[in-house]
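# Examining the three-dimensional arrangement
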Amino acid sequence: MYDAALTEDLARRAAAGDPAALERLLAQVRPEVVRRCGRFLPCREDAEEAAQDVLLQIARRISTFEGRSRFGTWLYTVVANCARQKYRELKRRAAEQPAAIEPAAYVDPRTTSVIAGSRVDLLEALDRLEREHPHLVAPLVYRDICQLEYAEVAERVGIPLGTLKSRLHEARKQVRPWLTAS
């Protein structure tokens, strides 16, 4: 069970250099990290790989957590970045080494998860948004995928609340036709 107060305390202690607190923090957030990575990546194995990357980043970079915002906000930033990086890596690998489709490995679109397909579509849309309007990606990821509160997103992105809402509106407007065109 994810205990936000305990997690915040462990994060502050780990950032101050307490190795036991870091170990407990990593164990505490792991299930939540896997769940959050699963929001980005349709395949459980890929989500778990991304989660391992997140935990490694936390261990390496916990000293950069200054406690000005909640640890959860900092964590979601790391999750979003690692999950999107894992997606790019998988996409690049697939493009470099196209594999022959074995009849047994063929995925029947009638039985493929709609959720998995929509996540891939979303990742494609985020990649396109990043190429065309990079300043719109963070507001969309933090609010709509990580489900942070508007004020928290504005603080994390470093823009006024009104600007955040405007960018979020524009990001949704840009992404919507890409998601419905599939």
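Residues numbered from 1 in each chain as written. Predicted model: local features only at pLDDT ≥ 70, side-chain atom pairs only at ≥ 80, totals over all residues. Heavy atoms only, no water.

### Notes on helix H1 (residues 4–15)
- With 12 residues, H1 ought to run about 16 Å at 1.5 Å a step, and its terminal C-alpha atoms sit 16 Å apart, in line with that.
- Of all the residues in H1, the buried ones are Thr7, Glu8, Leu10, Ala11, Ala14 and Ala15. For H1, the buried positions fall inside an angular range of 165° around the axis, keeping them on one side.
- As for H1, its buried residues are in contact with helix H2 (19–40) and helix H4 (71–96).
- Structurally, the start of H1 carries an N-cap: the backbone nitrogen of alanine 5 is 3.2 Å from a side-chain oxygen of aspartate 3.
- Positive phi shows up at glycine 17, right after H1, with a value of about 105°. (Helix = DSSP H or I, 4+ residues; strand = E, 2+ residues; numbered from the N terminus. Expected span 1.5 Å × (residues − 1). Buried < 20%, exposed > 50% of the residue type's maximum accessible area, 1.4 Å probe, protein only. Arc of directions from axis to C-beta. Contact = heavy atoms within 4.5 Å. Polar contact = N/O pair within 3.5 Å; in protein donor to acceptor, adjacent residues only side chain to side chain.)

### Observations concerning the nonpolar core
- One finds Leu25, Val33, Phe40, Val54, Ile58, Ile62 and Phe71 to be the most contacted residues of the largest nonpolar core, which totals 52 residues.
- Listed by contribution, the elements that provide at least two residues to this core are H1, H2, helix H3 (44–61), H4, helix H5 (114–132), helix H6 (137–145), helix H7 (150–157) and helix H8 (161–180).
- Of the residues forming this core, the biggest block, 10 residues, is contributed by H4. (Core = buried A, V, L, I, M, F, W, Y, C linked by side-chain atoms within 4.5 Å.)

### What to know about the packing of H2 against H4
- Packing of H2 against H4 leaves a shortest axis separation of 10 Å and a crossing angle of 50°. The orientation of H2 relative to H4 falls into the category oblique. Like other packed secondary-structure pairs, H2 and H4 cross with a definite hand, here right-handed. Contacts from Leu25, Val29, Glu32, Val33, Arg36, Cys37 and Phe40 in H2 reach Phe71, Leu75, Tyr76, Val79, Ala80, Ala83 and Arg84 in H4. (Axes fitted to C-alpha atoms, helices over the stretch in contact; angles between N-to-C directions. Parallel < 35°, antiparallel > 145°, perpendicular 65-115°, else oblique. Left-handed = near helix turned anticlockwise from the far one by under 90°.)

### Regarding the packing of aromatic side chains
- Under the criterion given, the structure shown has three aromatic pairs.
- Ring centres of phenylalanine 65 and phenylalanine 71 lie 5.5 Å apart, and the angle between their planes is 85°; this geometry places the pair in the edge-to-face category.
- When its relative accessible area of 6% is taken as the criterion, phenylalanine 65 is described as buried.
- Of the residues examined, phenylalanine 71 reaches a relative accessible area of 0% and is grouped as buried.
- Here the aromatic rings of phenylalanine 65 and tryptophan 74 are separated by 5.8 Å at their centres, their planes lie at 55°, and the arrangement is tilted. Tryptophan 74 matches phenylalanine 65 in its accessibility class, with the two residues each being buried. (Phe/Tyr/Trp six-rings, centres within 6.5 Å; stacked < 30°, edge-to-face > 60°.)

### What to know about the pattern of salt bridges
- Inspection of every chain in the model, using the stated rule, returns 15 salt bridges.
- Between lysine 86 and glutamate 49 there is a salt bridge; the shortest N-O distance is 2.7 Å. Of this pair, lysine 86 sits in helix H4 while glutamate 49 sits in helix H3, and the two are 37 residues apart along the sequence.
- Take lysine 86: its relative accessible area is 4%, and that puts it in the buried class.
- Overall, glutamate 49 belongs to the partly exposed group, its relative accessible area being 38%.
- Note that aspartate 144 is salt-bridged to arginine 172, the shortest N-O span being 2.6 Å. Separated by 28 residues along the polypeptide, aspartate 144 in helix H6 and arginine 172 in helix H8 bring together distant segments of the chain.
- Among the residues examined, aspartate 144 registers a relative accessible area of 33% and is labelled partly exposed.
- Several salt bridges converge on common partners, so that one network encompasses Arg84, Arg88, Asp127 and Glu130. (Salt bridge = Lys/Arg side-chain N within 4 Å of Asp/Glu carboxyl O.)

### Quick look at the environment of asparagine 81
- Within the secondary structure, asparagine 81 sits in helix H4.
- Under the relative-accessibility criterion, asparagine 81 is labelled partly exposed at 44%.
- Sequence separation of asparagine 81 and valine 54 is 27 residues, and the distance between their C-alpha atoms is 8.7 Å.

The values are spatial; any link to function lies outside them.
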